[in-house]
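# Architecture and fold: a report
Listed below are the residues making up each chain.
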Amino acid sequence: MGNWLVDHWLSVLILVAWLGLNIFLFVYAFLIYEKADKYFYTREILGTALAFARASALCLNCNSMLILIPVCRNLLSFLRGTCSFCNHTLRKPLDHNLTFHKLVAYMICVFTAIHIIAHLFNFEHYSRSQQAMDGSLASVLSSLSRHEKESNSWLNPIQSPNMTVIYATFTSIAGLTGVILTIALILMVTSAVEFIRRNYFELFWYTHHLFIIYIICLALHGMGGIVRAQTEDSMGESHPYNCSKSFHEWDKYVSSCRRPHFEGHPPESWKWILAPIALYIFERILRFYRSQQRVVITKVVMHPSNVLELQMRKRGFSMEVGQYIFVNCPSVSLLEWHPFTLTSAPEEDFFSIHIRSAGDWTENLIRAFEHQHSPMPRIQVDGPFGTVSEDVFQFEVAVLVGAGIGVTPFASILKSIWYKFQRADHKLKTQKAGHAALNFDKATDILTGLKQKTSFGRPMWDNEFSTIATAYPKSVVGVFLCGPQTLAKSLSKCCHRYSSLDPRKVQFYFNKEIF
Amino acid sequence: MGQIEWAMWANEQALASGLILITGGIVATAGRFTQWYFGTYSIAAGVFICLLEYPRGKRKKGSTMERCGQKYMTSVVKLFGPLTRNYYVRAVLHLLLSVPAGFLLATILGTACLAIASTIYLLAAIRGEQWIPIEPKPKERPQVGGTIKQPPTNPPPRPPAEVRKKPSVEEEGAGGPQVNPIPVTDEVV
């Protein structure tokens, strides 16, 4: 636990700050709407549901602003690049951008639920007070009609006792945009669950573009000015403290109280989301621009087990070990971009990826390259983007575990270590690199061509770890995994078990990467 | 998008709709909104839909991740045979269930979502998809040491594993035309 906290303190801090921000905004807005005098008459009809609705609305605005930022991968790459003097712990949160995106999305769902439930109560209360014949303050307020000369005096958007709440909802901008954007949100969430995302990625990707509808409807949502507060002038003239009890005598010569006047708020959501939208549009333009740069395919290799290797060159392309690129093939699919780890080392004069057949897009891509007589499909590349594997050179002893296609990041690392060794690069701290590739019965690794000790079957991690701990009792060992979650759990446990409590003795640091 | 099984998404959407119907129904009933009895209906319909949609069907290709504890509902849903297997029936059923909830604002979101789920099920049915129950397999837990096998007895080149049947193992094939830029010497450790 201590080791984990040392590695992840910045992520924990960001999370705590974000939760704190949400709590603060919620309480702040809640207190305003629950206590402020200008909402006195509004509260008379609506009660506390008004405060809940507005507080959740403020949090929704804030989270809708935050949700677009983690998906601007070029922006994040830029931040990582300018921050290269920071140690890897400070840059780690940038790797968890998608996790943050999902957390913010869950928060949006929670606040949407609160917001909708509160507004259901609000509409019901407006409807009831319009139909009430009991002469209460609420019913008097509701009878302030918008069609009279002073068009500002209305409070209740439901103007006639015959108007149903459904009619009121679908004929108001707020109601209509609210329903549309909620449906868009629900469709985005149901198509983004892990099961659908892993197995039917295209469905997730295309459905997720409904966020455009969400953003547009959110910007329009507040335009109707349906949440009303008493105007300043009206408060100066007839403050609710003085006049609320004598509502039977408003506007009569005898009393000094006039009927209150109300005004709606101007919409605020656009102020929150304008900057992230601009950033995101810039990000998409940048992706497009980068993708238009020519990629020359220098070599295509079909490996057995349906693995395609592409070696490419692109002007101005420079990479670090373990980074990945997004690849698009217009002849397979115009709009889809898929990530692949770079398997070449930075020292080589080309960059390469290995693609395994794992779904529609990859299968079609492999098939497109298999036709030797038709012209080579064009490839577009965006990237490179960085991941955890860059840190592997900082450890004296590195243990790299790759399962299946998960060996790809380590291919790049091993090749690079080998080049650095050959060129006697002094910045290389790594003295020993052990590679456990969970492939079966091969004498040579197809990716690197390095000969290695061949073992068969699953390694017994306890044995491996205790051997390493005995062989390097004073070293810091970095354990890097690219593979399935179950393997991550057992390796992570072994790291904790075999790390010595004494910080001068052997320490295992665990890093994992899962696409 | 050729390999998409629409029924899988319809299933997620219907499950979500069920939960939304239950929530809207509870709000309407607890708040005693106008015509709140539609809310009570909505709760009942939502519970029924959640129970029906909870067991995930089996994917056509590859392994399917079961929902936690779904095997109990799978045995119940299986009993209805063609009524639950056929997606046309589900599409019509969901459409009919969604209509009464459309009379109440609190549950109209559930109606919209369920109607969308019904449309996706219709699409799935047109494409010939069917609900196949996930049968429990007898679980064998191999000892970690037990996966260490004998080295292969035949010399290389050995055919890749697709030729030999190994269903639960991921691999890349043997050999490969990779050329080393600098010759590699073999170190026997």
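Residues numbered from 1 in each chain as written. Chains lettered and ligands numbered in written order. Predicted model: local features only at pLDDT ≥ 70, side-chain atom pairs only at ≥ 80, totals over all residues. Heavy atoms only, no water.

### Here's the deal with the overall build of chain A
Condition: Helix numbers and strand numbers start at the N terminus; a helix is a DSSP run of H or I with at least 4 residues, a strand a run of E with at least 2. Only protein chains enter the calculation, and the probe is 1.4 Å; a residue is then buried if its accessible area is under 20% of its type maximum, exposed if over 50%, and partly exposed in between. Any two residues having at least one pair of non-hydrogen atoms within 4.5 Å are treated as being in contact. For accessible areas, the Shrake-Rupley method is used with a probe of radius 1.4 Å. Any residue's cover is judged against the shown protein chains and nothing else.
If you tally the helices and strands in chain A, you get 19 helices and 12 strands. The burial tally for chain A puts 53% of its 515 residues in the buried class. Looking at chain A alone, contacts between residues at least 24 apart form 73% of all its contacts between residues at least 6 apart. Carbon and sulfur atoms make up 62% of the accessible area of chain A, which totals about 24,800 Å².

### Quick notes on the confidence of the model for chain B
Note that predicted coordinates carrying low pLDDT should not be read in detail. Quick note on the threshold: Predictor confidence is given residue by residue as pLDDT, running from a minimum of 0 to a maximum of 100.
A residue-level look at chain B finds 77% of positions with pLDDT of 70 or above and a mean pLDDT of 82. Confidence drops under pLDDT 50 across residues 166-176 of chain B; counting only partners more than four residues distant or on other chains, this segment forms 29 contacts.

### Digging into the state of the cysteines
Residues and elements named next belong to chain A. Put simply, the rule is: The disulfide criterion is simple: two cysteine sulfur atoms within 2.5 Å.
Evaluated as defined, the whole model comprises 1 disulfide over all chains. Each sulfur in the disulfide pair C243 and C257 lies 1.9 Å from the other. Its S-S torsion of about -80° marks the bond between C243 and C257 as left-handed, since a negative value means left-handed. Taken together, the positions of C243 in helix α14 (residues 240-243) and C257 in the loop between α14 and β2 (262-264) put the pair 14 residues apart, joining distant regions of the chain. Comparing C243 with C257, the two get one shared label, buried. Left unpaired, C59 is separated from the closest cysteine sulfur, that of C62, by 7.1 Å.

### Section: the packing of helix α9 (residues 173-190) of chain A against helix α1 (residues 6-30) of chain B
Selection rule: Angles here are taken between N-to-C directions and fall from 0 to 180 degrees, while the axes themselves are lines fitted to C-alpha atoms, restricted in helices to the stretch in contact. An angle below 35 degrees is read as roughly parallel, one above 145 as roughly antiparallel, one from 65 to 115 as roughly perpendicular, and any other as oblique. A clockwise turn of the near helix away from the far one marks a right-handed crossing, whereas an anticlockwise turn of less than a right angle marks a left-handed crossing. Any residue that is not Ala, Val, Leu, Ile, Met, Phe, Trp, Tyr, Cys, Pro, Asp, Glu, Lys or Arg is counted as polar, Gly included; the first ten are nonpolar and the last four charged.
Between α9(A) and α1(B), the shortest axis-to-axis distance is 9 Å and the interhelical angle comes to 130°. Relative to α1(B), α9(A) is oriented oblique. Seen along the crossing, α9(A) lies across α1(B) with a hand that is right-handed. On α1(B), the residues touching A:I186, A:L187 and A:T190 of α9(A) are B:W9, B:E12, B:Q13, B:A16 and B:I20. Its residues assigned to classes, the contact of α9(A) with α1(B) comprises 5 nonpolar, 2 polar and 1 charged.

### Examining the UniProt feature "transmembrane region" (unreviewed entry) in chain A
Rules: UniProt positions are given in the numbering used here, feature names are shortened, and annotations may be inferred rather than shown by experiment.
With numbering matched to this structure, UniProt assigns "transmembrane region" (unreviewed entry) to residues 12-33, 45-69, 103-123, 165-189 and 209-227 of chain A. With 100% helix and 0% strand, residues 103-123 of chain A has end C-alpha atoms that lie 30 Å from one another.

### Points about the sheet that holds strand β5 (residues 324-328) of chain A
All names here are of chain A. Rules: When DSSP finds at least two bridges between two strands, those strands are taken to pair.
The 3 strands lie next to each other as β6-β5-β8, forming an open sheet whose pairing is antiparallel. Only two strands of the sheet have a single neighbouring strand rather than two, namely β6 (338-341) and β8 (380-385). Along the sheet, successive strands turn relative to each other by an average axial angle of 30°, direction set aside. One ladder, built from 4 bridges, connects β5 with β8; its direction is antiparallel. Its bridge partner lying in β8, F326 is registered against D382.

### Points about the nonpolar core
As a reminder, the rule being used: Working definition of a nonpolar core: buried Ala, Val, Leu, Ile, Met, Phe, Trp, Tyr and Cys residues. They are joined through side-chain atoms within 4.5 Å.
Formed by 64 residues in total, the largest nonpolar core has its most connected members in A:Y41, A:L141, A:Y214 and A:W250. No other element matches helix α3 (residues 49-67) of chain A, which puts 9 residues into this core. Residue contacts for A:Y41: discarding those within four places in its chain leaves A:L137, A:L141, A:L155, A:Q230, A:P240, A:C243, A:S244, A:W250, A:P260 and A:F262. Core analysis: the next-biggest nonpolar cluster, separate from the first, contains 29 residues, A:I183, B:M8, B:A91 and B:A117 among them.

### Here we look at the environment of B:T107
All names here are of chain B. By the secondary structure assignment, T107 is in helix α6 (residues 105-126). By relative accessible area, T107 is classed as buried at 0%. The residues contacting T107, other than those within four sequence positions of it, are L21, G24, G25, S42 and A101.

### Brief notes about the UniProt feature "transmembrane region" (unreviewed entry) in chain B
UniProt records the feature "transmembrane region" (unreviewed entry) for residues 12-30, 36-55 and 103-124 of chain B in the present numbering. For residues 36-55 of chain B, the end-to-end C-alpha separation is 30 Å, with 85% helix and 0% strand making up the annotated structure.

### Description of the pattern of salt bridges
Selection rule: Within this document, salt bridges are pairs made up of a side-chain nitrogen of Lys or Arg and a carboxyl oxygen of Asp or Glu, the two lying within 4 Å of each other.
All told, the structure shown has 15 salt bridges over all chains when counted by the stated rule. Between A:R367 and A:E363 there is a salt bridge whose closest N-O contact spans 3.8 Å. Taken together, the residues span about one helical turn, with A:R367 and A:E363 both in helix α16 (residues 360-370) at a distance of 4 residues. Accessibility expressed as a relative area gives 42% for A:R367, which makes it partly exposed. For A:E363, a relative accessible area of 24% translates into the label partly exposed. We note a salt bridge from B:E12 to B:R67, for which the minimum N-O separation is 3.2 Å. Residue B:E12 is found in helix α1, and its partner B:R67 is found in the loop between α2 (37-53) and α3 (71-79); the two are separated by 55 residues along the sequence. An identical accessibility class is assigned to B:E12 and B:R67; each is buried. Members of the salt-bridge network, linked through shared partners, are A:R73, A:R290 and A:D382.

### Here's the deal with the sheet that holds strand β3 (residues 295-303) of chain A
Sheet strands associate in pairs through backbone hydrogen bonding, adopting either a parallel or an antiparallel arrangement. Residues and elements named next belong to chain A. Spatial ordering of the open sheet is given by β3-β4-β7, a layout of 3 strands whose pairing is antiparallel. Edge positions in the sheet fall to β3 and β7 (351-356), since each has one partner strand and no second. Taking the axes of each pair of neighbouring strands and ignoring which way they run, one obtains an average angle of 20° across the sheet. Of the strand pairs in this sheet, strand β4 (residues 307-314) and β7 are connected by 6 bridges, and their pairing is antiparallel. Bridged to L310 within β7 is I353. Each of β3, β4 and β7 is contacted by α16, which is oriented at about 115° to β7, the strand it contacts most.

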